[in-house]
Amino acid sequence: MPILKVARMGHPVLREKAREIAPEGLGSPELAGFIDDLIETMQEYAGVGLAAPQVHEGLRLFVMQTDPDDEATLRVAVNPKLTALGAEGWEDWEGCLSIPDIHGRVPRNNRVRLEALDAEGRAYSEELEGFAARVCQHEYDHLDGLIFIDRMRDFSTLCFGEEYRRYHAPRPKEG
Ligand code: NI
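Conventions and cut-offs
Residues numbered from 1 in each chain as written. Predicted model: local features only at pLDDT ≥ 70, side-chain atom pairs only at ≥ 80, totals over all residues. Heavy atoms only, no water. Pairing = 2+ DSSP bridges. Helix = DSSP H or I, 4+ residues; strand = E, 2+ residues; numbered from the N terminus. Contact = heavy atoms within 4.5 Å. Axes fitted to C-alpha atoms, helices over the stretch in contact; angles between N-to-C directions. Core = buried A, V, L, I, M, F, W, Y, C linked by side-chain atoms within 4.5 Å. Buried < 20%, exposed > 50% of the residue type's maximum accessible area, 1.4 Å probe, protein only. 1 Å grid on protein atoms, 1.4 Å probe; cavity = no way out; pocket = protein on both sides within 12 Å on 5 of 7 lines; lining within 4 Å. Points joined across faces, edges and corners; volume = space filled by probe spheres on them. Nonpolar A, V, L, I, M, F, W, Y, C, P; charged D, E, K, R; others polar. Salt bridge = Lys/Arg side-chain N within 4 Å of Asp/Glu carboxyl O.

Caption draft 1: View of the sheet that holds strand S8 (residues 159-160). With respect to topology, three strands assemble into an open sheet ordered S4-S5-S8, the strand pairing being antiparallel. The sheet terminates laterally at strand S4 (90-96) and S8, the two strands that pair on one side only. Here strand S5 (residues 99-108) runs beside S8; their pairing, made up of two bridges, is antiparallel. Bridging from a neighbouring strand, His103 pairs with Cys159 of S8. Those strands touched by helix H2 (residues 130-143) are S4 and S5, and its axis lies near 55° from that of S4.

What follows is the structure, given as structure tokens:
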């Protein structure tokens, strides 16, 4: 299966609102194949999440895996709906495969409900907290043409990867 090319900041596809996947496409072999490629691409680049627009497909679909060593943390979200449940304004570091080598602190809600379809088109609903909630909000934003920098309220934390690792965190996480 191919590793897909990741769109970088500046590519218009990252700024467009993605479209819902039509009912006839749900659970199709084509969609399943694309989801497999999306997962493989996320894993290849050591990301914790990847949204379809990031690989030049304007579809409302993302994958996330908050622990690369634990397949149980893998989620596929087709036509997702996100509801904020917790407190807003929880800040932590984020990165993005479409904004290579840049990190910044982003305020997010600490708890969300994710309602979506899985790769087979089955509906599920799950509450996510903390880092998983953060990744989910980051990926969901990609479906609306938003990148994490849009959510920052203070650009003084923007930094390059080397400085991030040196001064701020031991382990980069990108989505
Ligand atoms: Ni991202």
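The discussion continues.
Caption draft 2: Up close: the nonpolar core. Of all hydrophobic cores here, the largest spans 20 residues; its most connected members are Phe34, Ile35, Leu61, Val63 and Val76. Taken together, the elements giving at least two residues each to this core come down to helix H1 (29-44), strand S2 (61-65) and strand S3 (74-84). Considering each element in turn, this core owes the most residues, six residues, to H1. Look past the residues within four positions of Phe34 in its chain and what remains in contact with it is Leu4, Ala52, Val55, Glu57, Leu59 and Leu61. If you look at the next biggest cluster of nonpolar residues, it comprises 16 residues, including Val48, Leu114, Ala116 and Leu128.

Caption draft 3: Layout of the layout of surface pockets. The calculated volume of the largest pocket comes to roughly 240 Å³. Taken together, 13 residues line the largest pocket, and the ones lying closest to its centre are Arg108, Asn109, Gln137, Asp141 and Arg151. Elements with a contribution of two residues or more to the lining of the largest pocket: S3, S5 and H2. The residue makeup of the lining of the largest pocket, split by class, is five nonpolar, four polar and four charged.

Caption draft 4: Spotlight on the pattern of salt bridges. Applying the stated rule across the entire model yields 15 salt bridges. Among the ionic pairs, Lys17 bridges to Asp144, the shortest N-O distance being 3.0 Å. One end of the pair, Lys17, is in the segment before H1; the other, Asp144, is in the loop between H2 and helix H3 (148-151), and 127 residues separate them in sequence. The exposure class assigned to Lys17 is exposed, which follows from its relative accessible area of 63%. Salt-bridge contacts for Glu91 lead to Arg105; the nearest nitrogen and oxygen are separated by 3.6 Å. Highlighted residues: Glu91 in strand S4 and Arg105 in strand S5, separated in sequence by 14 residues. Residue classification places Glu91 among the partly exposed positions, given a relative accessible area of 24%. Through salt bridges with shared partners, one network takes in Glu94, Arg108, Arg134, Asp141 and Arg151.

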